[in-house]
Amino acid sequence: METKKKPKKVFVQGAISPEKIATSIAHHQVKTNIGAHDIFLGQVRADEIDGKVVQGIDYSAYEEMAEQKFHEIREAAFEKFDLTCMHIYHSLGPVKAGEICLFVFTSSKHRAMAMDACRFLVEEIKANVPVFGKEIFEDESYQWKVNS
Amino acid sequence: METKKKPKKVFVQGAISPEKIATSIAHHQVKTNIGAHDIFLGQVRADEIDGKVVQGIDYSAYEEMAEQKFHEIREAAFEKFDLTCMHIYHSLGPVKAGEICLFVFTSSKHRAMAMDACRFLVEEIKANVPVFGKEIFEDESYQWKVNS
Amino acid sequence: MILNLKYFGRIVEITNLTEEQYNAGESMSLNELRTWLINRYTDLEKESFQIAVNQELKSNDFLIKGDCEVAILPPFAGG
Amino acid sequence: MILNLKYFGRIVEITNLTEEQYNAGESMSLNELRTWLINRYTDLEKESFQIAVNQELKSNDFLIKGDCEVAILPPFAGG
């Protein structure tokens, strides 16, 4: 039977805090072969749609498939780019406008690899991971978000 | 006489802390038109050169010209990309291996703009800002760093 | 064969359930499954959705031949 | 004209000073200034450096015509 590396947990409940990001950065200061980090953060926008303002997004996912996809995307990135480290965190549940829902963190010896890999990861996540988002308006009505 | 916007101060003394980065991220959570942040961090590498290991870099600069260049690069980026915010911090003085010496932070409504702008800024800074770095080895000898 | 159907996001608002079992015949293409779903939940006709079989997206000509988990997925919105 | 010469980084290790004034003639190209510098500090010959006049990088045919700040800049290492 095929043995598989256990997928690393990506989903976190609610918003991702700036402190979590700082802690993650600090953990990499012992890795002195790293010369460049790239961090992408997705933040929930208070978009105005037909006169109503988004106050937050409630994220849900097909979790088993999503964690598997995150794992495949990570493996593909390690294959494609010369990376020292890579971390992905995505929110589930409610995230308010202004809060962070996606944290992608790549580290490499040189800047181009870190930046190329970060971009690759963000695009792959947006296109291939089964995450769903309900944009909640201030009057509690909602609409389902679709990635562009 | 020409009036100029006062250049924003970029240089900071010593390493840039993860807490400073977290604070900067947190300050953007009130800007609910932002959908994407990109952050580039330059970290000092403990490179081995001819058997000796870099323990840190001592940065110096032609400060007046450098701050002016940073200002011009910022203006060019605001012109070229649709950005909500942009911040650049660069260390002066000693920064130990594993510590952060460059922090570039771009924010936009959409991801492509934030990522393109961040990359543009990093390349411009490396190529055009008169910053000099002395790579100090563990035995206190040194060599002058040159950007590749 | 038994299909464990799972519904997500806005699809759930049409099916009004998140899971159900469908005792299908010996085999079924995803095209046939789509037709069956739309007959059962007519509002699905105007929805855009993809189908994952055992957590892998499959095209409409894919043939299901045994028990499996089949997820009906509306457009993704991650990130 | 008075040139306020400024030296940076590894250049300082050759000049042994960070600033000096040079009372030049009425005008001088950066090429001529390079020659003057290399005559004065012979080890500069093997160094790669750029010259900024009043904080703007200029090419070798640029002509200095009045008092200014002239910076001798070794390769950049920012970031």
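Figured I'd write up the structure that's included with this text. All of these numbers come straight from a predicted model, not from anything done at the bench.

### Quick word on the arrangement of the chains
- The top pair by number of contacts, from a total of 3 pairs of chains in contact, is chains A and B.
- One finds no contact linking chain B with chain C; the least C-alpha distance across the pair is 9 Å.
- No part of chain A reaches chain D; the closest C-alpha pair between them is 9 Å apart.

### Topic: the interface of chain B and chain A
- Taken together, the contacts link 39 residues of chain B with 39 residues of chain A.
- Here chain B packs against chain A, burying approximately 3,400 Å² in sum over the two surfaces, 52% of which is carbon and sulfur.
- Counting across the chain B and chain A interface gives 4 salt bridges.
- Viewed at the interface, chain A and chain B are joined by 21 residue pairs in polar contact (both at pLDDT 80 or more).
- Those elements giving two or more residues to the side of chain B that touches chain A turn out to be α1 (18-27), β2 (36-43) and α3 (111-128) of chain B.
- Here the side of chain B that touches chain A is built from residues that sort into 17 nonpolar, 11 polar and 11 charged.

### Looking at the sheet that holds strand β4 (residues 50-53) of chain D
- Strand order across the open sheet formed by 5 strands is β2-β1-β7-β4-β5 (chain D), with mixed pairing between neighbours. The open sheet has two edge strands with one neighbour each: β2 (19-23) and β5 (56-58) of chain D. Across the sheet, the mean angle separating the axes of adjacent strands is 30° when strand polarity is ignored.
- Pairing of β4(D) with strand β7 (residues 68-73) of chain D involves 4 bridges; the strand directions are antiparallel. Bridging from a neighbouring strand, Val53(D) pairs with Val70(D) of β7(D).
- Packed on one face of the sheet, helix α2 (residues 63-80) of chain B meets β1 (2-7), β4, β5 and β7 of chain D and runs near 95° to β5(D).

### Re the pattern of salt bridges
- Per the counting criterion, the structure on display carries 24 salt bridges over all chains.
- Among the ionic pairs, Glu20(D) bridges to Arg40(D), the shortest N-O distance being 2.6 Å. Of this pair, Glu20(D) sits in strand β2 while Arg40(D) is found in helix α2 (residues 30-40), placing the two residues 20 residues apart along the sequence.
- The partly exposed category is assigned to Arg40(D), whose relative accessible area is 46%.
- Across the pair Asp43(D) and Lys46(D) runs a salt bridge, and its minimum N-O distance is 3.5 Å.
- What makes Asp43(D) partly exposed here is its relative accessible area of 41%.
- The network of salt bridges with common partners includes Lys9(A), Glu63(A) and Glu67(A).

Rules behind the numbers
Residues numbered from 1 in each chain as written. Chains lettered and ligands numbered in written order. Predicted model: local features only at pLDDT ≥ 70, side-chain atom pairs only at ≥ 80, totals over all residues. Heavy atoms only, no water. Contact = heavy atoms within 4.5 Å. Buried area = accessible area lost by both parts, 1.4 Å probe. Salt bridge = Lys/Arg side-chain N within 4 Å of Asp/Glu carboxyl O. Polar contact = N/O pair within 3.5 Å; in protein donor to acceptor, adjacent residues only side chain to side chain. Helix = DSSP H or I, 4+ residues; strand = E, 2+ residues; numbered from the N terminus. Nonpolar A, V, L, I, M, F, W, Y, C, P; charged D, E, K, R; others polar. Pairing = 2+ DSSP bridges. Axes fitted to C-alpha atoms, helices over the stretch in contact; angles between N-to-C directions. Buried < 20%, exposed > 50% of the residue type's maximum accessible area, 1.4 Å probe, protein only.

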